[in-house]
Amino acid sequence: MALETTDSLYADLERELGEIAQAEGDLLRRSEKSVVAVLGTVSRLKQWVLDHAFPGTREEIRFFKETKPRFFALLIYHNGVFDIETHRPVGGGQALRAYLEKELGKLGEFFAANADFQRYLRTNATYLDEKYFLRGTHDVTLALDSFVFDADPRFSTSRDHKAARMVANERLAAYLEAALAELEARKAGRTGVPEGGGLDWKLSKTSCIELLYALHSVGAFGKTDVKRIASHFESAFNIDLKNYYHTFLEIRIRKTSRAAFLELLRERLIQRMDEADDNPR
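Residues numbered from 1 in each chain as written. Predicted model: local features only at pLDDT ≥ 70, side-chain atom pairs only at ≥ 80, totals over all residues. Heavy atoms only, no water.

## Some remarks on the packing of aromatic side chains
Put simply, the test is: Whether two aromatic rings pair depends on their centres lying within 6.5 Å, for rings of Phe, Tyr and Trp, where Trp uses its six-membered ring; planes under 30 degrees apart make the pair stacked, over 60 edge-to-face, and the rest tilted. Burial status follows relative accessibility: with a 1.4 Å probe on protein chains alone, a residue under 20% of its type maximum counts as buried, one over 50% as exposed, and anything between as partly exposed. Under the scheme used here, helices are H or I runs from DSSP no shorter than 4 residues and strands are E runs no shorter than 2 residues, and both carry numbers assigned from the N terminus.
With the rule as written, the count across this model stands at 18 aromatic pairs. Centroid distance Phe-63 to Phe-64: 4.9 Å. Interplanar angle 90°. Geometry classified as edge-to-face. The class for Phe-63 is buried, based on a relative accessible area of 3%. Judged by relative accessible area, which is 0%, Phe-64 ranks as buried. Between Trp-201 and Phe-237, the ring centres sit 5.6 Å apart and the planes meet at 50°, which makes this aromatic pair tilted. A residue pair is termed long-range when its members are at least 10 positions apart, and Trp-201 in the loop between helix H7 (160-187) and helix H8 (205-217) and Phe-237 in helix H9 (residues 226-237) qualify at 36 residues. Clustering of aromatic rings is evident, with ring pairs tying together Phe-54, Phe-63, Phe-64, Phe-72 and Phe-155.

What follows is the structure, encoded as structure tokens:
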């Protein structure tokens, strides 16, 4: 597949995921919509591969080692978040901590079981590429996952799915670590929405959190930590910013428009200034 074609397809997908994150404040709905979006793009990616031949083995290896895993990592990640959140214990406290630590432990077991393959990818090794990332070259002596034998051989190799899981599981581990950090913050004294706020925030929670972290990054409130700023935002704007660590993680992993709300603020402010210049009082 032509590099510019896959890059364009991936950029479009990231843009769509960014729009979903910007518009959808509910984490479960956001994950569900994200999974649907990725599935649609993966379907187009597969059809392109079925309709076109790779120029040579180097291009095929590159596609199944680097390109396809980028897309499937997004699918595995968002589906993983959806699964984690649907099984999250009601309430908080010790039960929630135990659940999050158990899920993090599962990821740790995956990385321990696949340490050699993780090292292979991280060191950019190539000596097994023809066995791992060419179609029709399954080698049962290389400890294949059983799902490989059920996968579409026209669109799968022995290790492209595991390469995607490596990327996705690293992001899921960061997600779970953020959840545990937030639990610690709440235990330390952060509560829900304080009463008596003067204004209602009318935009998405993601936009509010993007602004919060931007202000914290420039030291707008001195050395105040994010937890205290979040508490004041909740009070001032009558908004519940629970899971703000999670939301900031979602913002961070955007490849495009990571500061979408700040860019919108700049655009609208300049537009307002221009209009004021054209129509002075």
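## Here's the deal with helix H5 (residues 115-122)
This is how the line gets drawn: The arc in question is traced by the directions running from the helix axis to the C-beta atoms.
Residues of H5 that are buried: Phe-117, Gln-118 and Tyr-120. Each buried residue of H5 lies within a common arc of 155° when the element is viewed along its axis, so the set occupies one face. Set apart from the buried face of H5 by more than 90 degrees, the exposed residues are Asp-116 and Arg-122. Looking one or two residues past H5, Asn-124 carries a phi angle of roughly 55°, positive in sign.

## Details of the side chain of Arg-97
Here is the rule: The contact definition used throughout considers only heavy atoms, calling two residues in contact when any of these lie within 4.5 Å.
Within the element layout of this structure, Arg-97 appears in helix H4 (residues 93-113). Take Arg-97: its relative accessible area is 17%, and that puts it in the buried class. Filtering out sequence-adjacent residues up to four positions away, Arg-97 remains in contact with Leu-180, Leu-183 and Glu-184.

## Describing the pattern of salt bridges
Convention followed: Each reported salt bridge corresponds to a side-chain nitrogen of Lys or Arg within 4 Å of a carboxyl oxygen of Asp or Glu.
Under the defined criterion, the tally for this structure stands at 14 salt bridges. The salt bridge partner of Arg-135 is Glu-60, with a shortest N-O separation of 2.9 Å. With Arg-135 in the loop between helix H6 (129-132) and H7 and Glu-60 in helix H3 (residues 57-86), this pair connects stretches of sequence that are 75 residues apart. Overall, Arg-135 belongs to the partly exposed group, its relative accessible area being 27%. A relative accessible area of 12% places Glu-60 in the buried class. Through salt bridges with shared partners, a single network forms among Lys-46, Asp-152 and Arg-154.

## Concerning the environment of Ile-84
With respect to the secondary-structure elements, Ile-84 resides in helix H3. A C-alpha to C-alpha distance of 9.7 Å links Ile-84 and Leu-28, two positions 56 residues apart in sequence. Excluding residues within four positions of it along the chain, Ile-84 makes contact with Tyr-99, Glu-103, Leu-172, Tyr-175 and Leu-176.

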